[in-house]
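The primary structure of each chain is shown beneath.
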Amino acid sequence: MRIAIHPDAAAVGGHAARILAHTVERKPDAVLGFATGSSPMATYEALARHRRDGLAFDRVRGFALDEYVGLPSEHPESYRSVIDREVVQRLGLTPGNIRVPDGAAEDLEAACRAYEEAIRASGGVDVQLLGIGANGHIGFNEPTSSFASRTRVKTLSPRTREDNSRFFGGDVAQVPMHCLTQGIGTILDARALVLVATGTAKAAAVAQMIEGPLGAFCPATALQLHANATVIIDEEAASELQHSAYYRHTEANRPAWQLP
Ligand code: F6R
């Protein structure tokens, strides 16, 4: 796991965006994995600057991590809407190239199988962008999720519904109870993982992910199993790490061929 600690959220977003932009420069039809929530917004902002500087995203293909069950896709907080607004429009992606799990499908299990098949048919995800929940979830793989799990229906934890109620006017009753999410096994199939986290609310989960033992109760510890995972965090999210001096030393001495 490569660990980069930055002073603030804008620098975190800038670093993650450089990795994604570098991927698209080398492979204009790269397959990117998109996260939603607050954490990746600084990354999308920074990527929009790469677009303004001339990087074309129109051939990029993409898959979202997850979607609520039971929200119509046109609801402003459905992840389909968020991805369209924050990613597709901002970066000039081709709408038909970007898929989000279908949380309004009649047959949710068939929708999950179709999603897995679409990822496989694309040739697989080149870089998957991730956030982390305060309870250690990645995607919506809540604590106790199997490390071998694939795209499926999950029940959101009370903590996640509470945390996400800010997107629903502060009313937790409006937050759907269920979701579709890529599994941990699905996420680990991506060729590279980039996880961004900022703020003290994430500090305990970040410390557990990096320094804790592997365990299903902190799904993000699964990143320890991936051969190409980069964790990019700010000082606040790093504040509970026991060995941050070591990560800073290692990152500062990374050879040029490992950049960005
Ligand atoms: C969103 C997702 C989640 C979020 C996590 C953190 O697609 O998969 O894992 O990344 O809940 O959310 P924020 O960034 O809003 O704190």
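> Could you give me a rundown of the packing of helix α2 (residues 41–52) against helix α3 (residues 79–91), with the residues and numbers involved?
Relative orientation of the contacting elements α2 and α3 amounts to 20 degrees, with a least axis distance of 8 Å. Judged by the angle between their axes, α2 and α3 are roughly parallel. Contact with α2, carried on its side by M41, Y44, E45, L47, A48 and R51, involves V82, E86, V87, Q89, R90 and L91 of α3 and no other residues of that element. Broken down by class, the residue content of the contact of α2 with α3 amounts to seven nonpolar, one polar and four charged.

> So what's going on with the nonpolar core? Which residues, and what values?
L93, L195, M209, L223 and I233 are the most contacted members of the largest nonpolar core, which totals 74 residues. With seven residues, helix α1 (residues 9–26) is the single largest residue contributor to this core. Excluding residues within four positions of it along the chain, I233 makes contact with I3, A4, I5, H6, V12, A197, V206, A238 and L241. By size, the runner-up hydrophobic cluster in this structure holds five residues, among which are A105, A111, C112 and L180.

> How would you sum up the site of the ligand? Please name residues and give values.
In the vicinity of the ligand there are 14 residues, among which T36, S39, D66, H137 and K202 approach most closely. Between an oxygen atom of the ligand and a side-chain N or O atom of H137, the distance comes to 2.6 Å. Side-chain polar atom of R166 to an oxygen atom of the ligand: 2.8 Å apart, as the coordinates give it. Isolated, the ligand exposes 410 Å² of accessible area, and the fraction of that covered by the protein chains is 94%.

> Summarise the sheet that holds strand β8 (residues 178–181); cite the residues concerned and give the values.
Here we have three strands laid out as an open sheet, ordered β4-β8-β7, and antiparallel in their pairing. Each end of this open sheet is capped by a strand with a single partner; those strands are β4 (66–68) and β7 (152–155). Ignoring strand direction, the axes of neighbouring strands in this sheet form an average angle of 30 degrees. Sheet topology places β4 next to β8; three bridges connect them, and they run antiparallel. Within the sheet, the bridge partner assigned to Y68 lies in β8 and is C179.

> Tell me about the pairing of β7, residues and numbers included.
The two faces of β7 differ: R152 and K154 on one face are buried, but V153 and T155 on the other face are not. Here β7 runs beside β8; their pairing, made up of four bridges, is antiparallel. Across the sheet, R152 pairs through a bridge with T181, a residue of β8.

> If you had to explain the packing of aromatic side chains to someone new, which residues and values would you point to?
The tally for this structure, following the rule as stated, stands at seven aromatic pairs. Relative to Y79, the ring of Y68 lies with its centre 4.8 Å away and its plane at 45 degrees, an arrangement referred to as tilted. In this pair, Y68 is assigned in strand β4 and Y79 in helix α3, connecting sequence segments 11 residues apart. Aromatic pair Y68 and F168: ring centres 5.7 Å apart, planes at 80 degrees, arrangement edge-to-face. Pair noted here: Y68 is in strand β4 and F168 is in the loop between α5 (158–164) and β8, with a separation of 100 residues, a long-range link. The residues Y68 and F168 share a single accessibility class, namely buried. Members of the aromatic cluster, connected to one another through ring pairs, are Y68, Y79, F140 and F168.

Cut-offs applied
- Residues numbered from 1 in each chain as written.
- Predicted model: local features only at pLDDT ≥ 70, side-chain atom pairs only at ≥ 80, totals over all residues.
- Heavy atoms only, no water.
- Axes fitted to C-alpha atoms, helices over the stretch in contact; angles between N-to-C directions.
- Helix = DSSP H or I, 4+ residues; strand = E, 2+ residues; numbered from the N terminus.
- Parallel < 35°, antiparallel > 145°, perpendicular 65-115°, else oblique.
- Contact = heavy atoms within 4.5 Å.
- Nonpolar A, V, L, I, M, F, W, Y, C, P; charged D, E, K, R; others polar.
- Core = buried A, V, L, I, M, F, W, Y, C linked by side-chain atoms within 4.5 Å.
- Buried < 20%, exposed > 50% of the residue type's maximum accessible area, 1.4 Å probe, protein only.
- Near = heavy atom within 4 Å.
- Polar contact = N/O pair within 3.5 Å; in protein donor to acceptor, adjacent residues only side chain to side chain.
- Areas by Shrake-Rupley, 256 points an atom, 1.4 Å probe, with all protein chains shown as cover.
- Pairing = 2+ DSSP bridges.
- Phe/Tyr/Trp six-rings, centres within 6.5 Å; stacked < 30°, edge-to-face > 60°.

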